[in-house]
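Each chain, written out:
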Amino acid sequence: MDDAWQKSTYSGNGQGNDCVEVAVIGDAVVLRESDAPRTVVRTTPPALGALIRTLKA
């Protein structure tokens with residue numbers, strides 16, 4: 001499953017450039033913090049879309 005995770009290109013690759021990573025597994029979207037990869041939040045695409053729209057507003 002490690003190959004499925006994507007990290008923003010804005011994060012860079014150096015030390016201390018931790019960020020949220022995202023992966024799509026089946027019909028779910030999973031999120032994790034790159035410095036704590038064992039903690040994973042699972043959601044659906046519509047719910048994640050609603051969260052992003054709310055955060056942007």
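For the structure, see preceding data.
In this text the structure is predicted, and so the values were computed from the model without any measurement. (Residues numbered from 1 in each chain as written. Predicted model: local features only at pLDDT ≥ 70, side-chain atom pairs only at ≥ 80, totals over all residues. Heavy atoms only, no water.)

## Remarks on the pattern of salt bridges
Then, in step 1: Under the criterion given, the structure shown has one salt bridge.
Then, in step 2: One salt bridge connects Arg32 with Glu21, and the closest N-O pair in it is separated by 2.6 Å. One end of the pair, Arg32, is in strand β3 (residues 28–33); the other, Glu21, is in strand β2 (residues 20–25), with eleven residues separating them in the sequence.
Then, in step 3: Taking the relative accessible area as the measure of exposure, Arg32 reaches 13% and is therefore buried. (Salt bridge = Lys/Arg side-chain N within 4 Å of Asp/Glu carboxyl O. Helix = DSSP H or I, 4+ residues; strand = E, 2+ residues; numbered from the N terminus. Buried < 20%, exposed > 50% of the residue type's maximum accessible area, 1.4 Å probe, protein only.)

## With respect to the sheet that holds strand β1 (residues 6–7)
Strand-to-strand pairing in sheets goes through backbone hydrogen bonds, with the strands running parallel or antiparallel.
Then, in step 1: Across the sheet, which stays open at both edges, the four strands sit in the order β1-β2-β3-β4 with antiparallel pairing between neighbours. Two strands lie at the open edges of the sheet, namely β1 and β4 (36–43), each paired on one side alone.
Then, in step 2: Sheet topology places β2 next to β3; six bridges connect them, and they run antiparallel. Its bridge partner lying in β3, Glu21 is registered against Arg32. (Pairing = 2+ DSSP bridges.)

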